[in-house]
Amino acid sequence: ASEGAVRFDGHEPWREREAKSARFRREHVGVVFQTGRVLPGLNVLENVALPLRFLRRKDARDRARAALERFSIGELAEAMPDQLSVGELQRASVARALLAEPSVVFADEPTSNLDDASARIVRDALRDAWRRGATVLVATHDDALIAPGDRVIALNEGRLS
């Protein structure tokens, strides 16, 4: 924040030392970029498992494999990122962002590069995160994605409403 304070559960983790701030991000924040972003040197399963690997969870690979199945890309677990389509990369990125069940999810146009069936899978996963209590902040043009939110802020011609 350039002004004021951003608090999470009574704390300001963004003002903490880097190690503590990084730990907070690992444990509580999931990020979905507009285009699927994964590490090129890791296969899809390894990319999706990263959040739980960073948390030293022994079930990281099993949970990542289940997430890939949920996002209909289970057969791509051993594939390298350059072998995936844009939509498959996006679904892998969403799976990774949600794997550790973060408290806060930031998603930038998470369904923009997806066909209808894939977009539905992503919408359902984000809604499930919201239903389990996560704060889900989404920048989107997908009206079907924002419908269940309990607070919608629209930006139209530079004005918030």
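Conventions used here
Residues numbered from 1 in each chain as written. Predicted model: local features only at pLDDT ≥ 70, side-chain atom pairs only at ≥ 80, totals over all residues. Heavy atoms only, no water. Axes fitted to C-alpha atoms, helices over the stretch in contact; angles between N-to-C directions. Helix = DSSP H or I, 4+ residues; strand = E, 2+ residues; numbered from the N terminus. Parallel < 35°, antiparallel > 145°, perpendicular 65-115°, else oblique. Left-handed = near helix turned anticlockwise from the far one by under 90°. Contact = heavy atoms within 4.5 Å. Pairing = 2+ DSSP bridges.

Another point: the packing of helix α2 (residues 44-54) against helix α3 (residues 60-70). Packing of α2 against α3 leaves a shortest axis separation of 8 Å and a crossing angle of 125°. By the angle class used here, α2 and α3 are oblique. Taken as a pair, α2 and α3 cross one another with a handedness that is right-handed. Contact with α2, carried on its side by Val44, Leu45, Glu46, Val48, Ala49, Leu52 and Arg53, involves Ala60, Arg61, Arg63, Ala64, Arg65, Ala67 and Leu68 of α3 and no other residues of that element.

The next point concerns the sheet that holds strand β3 (residues 135-139). Pairing in this open sheet of three strands is parallel, and the strands run β1-β2-β3 from one edge to the other. Each of the sheet's edge strands pairs with one partner strand only, and the pair in question is β1 (29-32) and β3. When strand polarity is set aside, the average angle formed by the axes of neighbouring strands in this sheet is 10°. Note that strand β2 (residues 104-108) and β3 share five bridges and pair parallel.

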